[in-house]
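A structural walkthrough
What follows is each chain in one-letter form.
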Amino acid sequence: MSTPEFSLWIFISSILAGFLGSLTGLGGGVVIVPVLTVIFHVDIHYAIGASLVSVIATSSGAAAAYVREGYSNIRIGMFLEIATTLGALFGAWLTTRIPTHAIAIVFGVVLLYSAWASIRIKEHLHVSGPPDALAARLRMNGTMPIPGATPQPYAAQRVPAGFSLMFLAGSLSGLLGIGSGAVKVLAMDQAMRLPFKVSTTTSNFMIGVTAAASAGIYLSRGYITPGLAMPVMLGVLAGSLAGSKILVHAPVKTLRIVFAVVIVALGLEMVINSIRGTL
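This one's a predicted model, so the numbers in the text were calculated from it and none came from an experiment.

Concerning the overall build of the chain
Looking only at helices and strands, the chain has eleven helices and two strands in total. Looking at the 279 residues of the chain, the share that counts as buried comes to 53%. Sequence separation of at least 24 residues holds for 83% of the intrachain contacts in the chain that already meet a minimum separation of 6. Accessible surface, the chain as shown: approximately 11700 Å² in total, 71% of it carbon and sulfur.

Structure follows, in structure tokens:
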């Protein structure tokens with residue numbers, strides 16, 4: 001396969017990854033790593049490096065559209081980003097001290113459970129309820145636009161639990177080189193009881209900062225190459241912008257199914273590759 005043809009296929013695959021990542025809040029970079037390693041046989045370190053660059057692009061692209069539409073909650077995202085950034089630095093420190101494949105197996109199992117929990121959970125649990133004391137003090141409330149209806153008010157709950165899960169998400173990002181969007185979405189959706197669309201869009205807003213903290217380490221180790229990172233970044237950005245247009249009108253039930261399917265695939269991929277020793 002010639003270099004232009006290889007770059008074209010990478011670009012097309014990245015568009016699909018960005019589309020899925022935007023709809024689910026996972027970030028297209030997490031989806032593209034299995035594609036690069038399994039289909040295109042790219043070394044996983046370089047695949048993760050390109051993934052992190054694309055995650056930053058996704059956060060800058062799709063997240064801007066979500067903020068403009070009024071879905072992302074900036075106050076909640078900036079507060080939780082404190083935990084994810086600290087976690088990313090902690091995870092990067094752990095990379096030389098803990099076998100990554102062991103952590104990846106645990107993370108894969110958590111993803112599989114999360115998919116099951118995301119499908120079985122009832123939507124009424126996420127309807128606005130009374131905020132806890134910390135959420136009220138930090139004014140972690142807002143309204144979610146509803147096409148053709150009155151905006152739905154909501155308020156964050158169980159902030160300490162969500163903050164702790166965000167630290168875990170950041171640690172996994174630094175340790176495995178992923179955006180950890182799945183953990184971010186689940187922390188906001190199930191722990192903090194935010195509406196699912198608010199969780200996915202705010203996750204898209206947050207993952208860029210978390211990925212940037214990890215990307216610096218991969219850049220210093222020479223794992224980010226422009227020839228690979230550029231088509232991945234452009235493709236993921238294009239796909240994420242397209243996904244942001246669809247998410248506004250997509251039913252939550254459909255988004256939950258897509259979310260579950262994607263993280264099941266990611267979980268199985270992480271477990272299998274960890275057992276094989278390729279992660």
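The structure having been displayed, the exposition proceeds.
Notes on the layout of surface pockets
Its volume calculated, the second largest pocket comes out at about 250 Å³. If you trace the second largest pocket, you find 13 residues lining it, with Leu20, Val31, Pro34, Val35 and Ala265 closest to the centre. Elements represented by at least two residues in the lining of the second largest pocket include exactly α1 (3-24), α2 (28-39) and α11 (252-276). No other element matches the five residues that α2 contributes to the lining of the second largest pocket. By residue class, the composition of the lining of the second largest pocket is eleven nonpolar, one polar and one charged.

Points about unusual backbone geometry
Despite not being glycine, Arg158 shows a phi value in the positive range, around 45 degrees. Mapping Arg158 onto the fold places it in the loop between β2 (149-155) and α7 (159-176). The class for Arg158 is partly exposed, based on a relative accessible area of 42%.

Some points on the pairing of strand β1 (residues 141-146)
Across five bridges, β1 lies against β2 in antiparallel orientation. Looking across to β2, one finds that Asn141 is bridged to Ala155. The loop that links β1 with its antiparallel partner β2 comprises two residues; one of these, Gly148, has a positive phi angle of about 75 degrees.

Thoughts on the confidence of the model for the chain
In regions of low pLDDT, the predicted coordinates are not meant to be interpreted in detail. Here the chain averages 80 in pLDDT, and 86% of its residues register 70 or above. In the predicted structure, residues 123-127 sits below a pLDDT of 50 and forms twelve contacts with residues beyond four places in sequence or in another chain.

Focus on the environment of Ala135
Its place among the elements puts Ala135 in helix α6 (residues 133-137). A relative accessible area of 1% places Ala135 in the buried class. Aside from chain neighbours lying at most four places away, what touches Ala135 is Met140, Ala156 and Val159.

With respect to the side chain of Ser171
If you trace the backbone, Ser171 turns up in helix α7. Residue classification places Ser171 among the buried positions, given a relative accessible area of 10%. Those residues in contact with Ser171 that sit more than four places away from it in its chain are Gly87, Ala88, Phe90 and Gly91.

As for the nonpolar core
One finds Leu36, Leu111, Leu228 and Val232 to be the most contacted residues of the largest nonpolar core, which totals 47 residues. Residue contributions to this core peak at eight residues, all from helix α3 (residues 44-69). Once you skip the residues sitting within four places of it in the chain, Leu228 turns out to touch Ile10, Leu36, Val42, Tyr46, Ala47 and Ala50.

Each value, and the rule that gives it
- Residues numbered from 1 in each chain as written.
- Predicted model: local features only at pLDDT ≥ 70, side-chain atom pairs only at ≥ 80, totals over all residues.
- Heavy atoms only, no water.
- Helix = DSSP H or I, 4+ residues; strand = E, 2+ residues; numbered from the N terminus.
- Buried < 20%, exposed > 50% of the residue type's maximum accessible area, 1.4 Å probe, protein only.
- Contact = heavy atoms within 4.5 Å.
- Areas by Shrake-Rupley, 256 points an atom, 1.4 Å probe, with all protein chains shown as cover.
- 1 Å grid on protein atoms, 1.4 Å probe; cavity = no way out; pocket = protein on both sides within 12 Å on 5 of 7 lines; lining within 4 Å.
- Points joined across faces, edges and corners; volume = space filled by probe spheres on them.
- Nonpolar A, V, L, I, M, F, W, Y, C, P; charged D, E, K, R; others polar.
- Pairing = 2+ DSSP bridges.
- pLDDT = per-residue confidence, 0-100.
- Core = buried A, V, L, I, M, F, W, Y, C linked by side-chain atoms within 4.5 Å.

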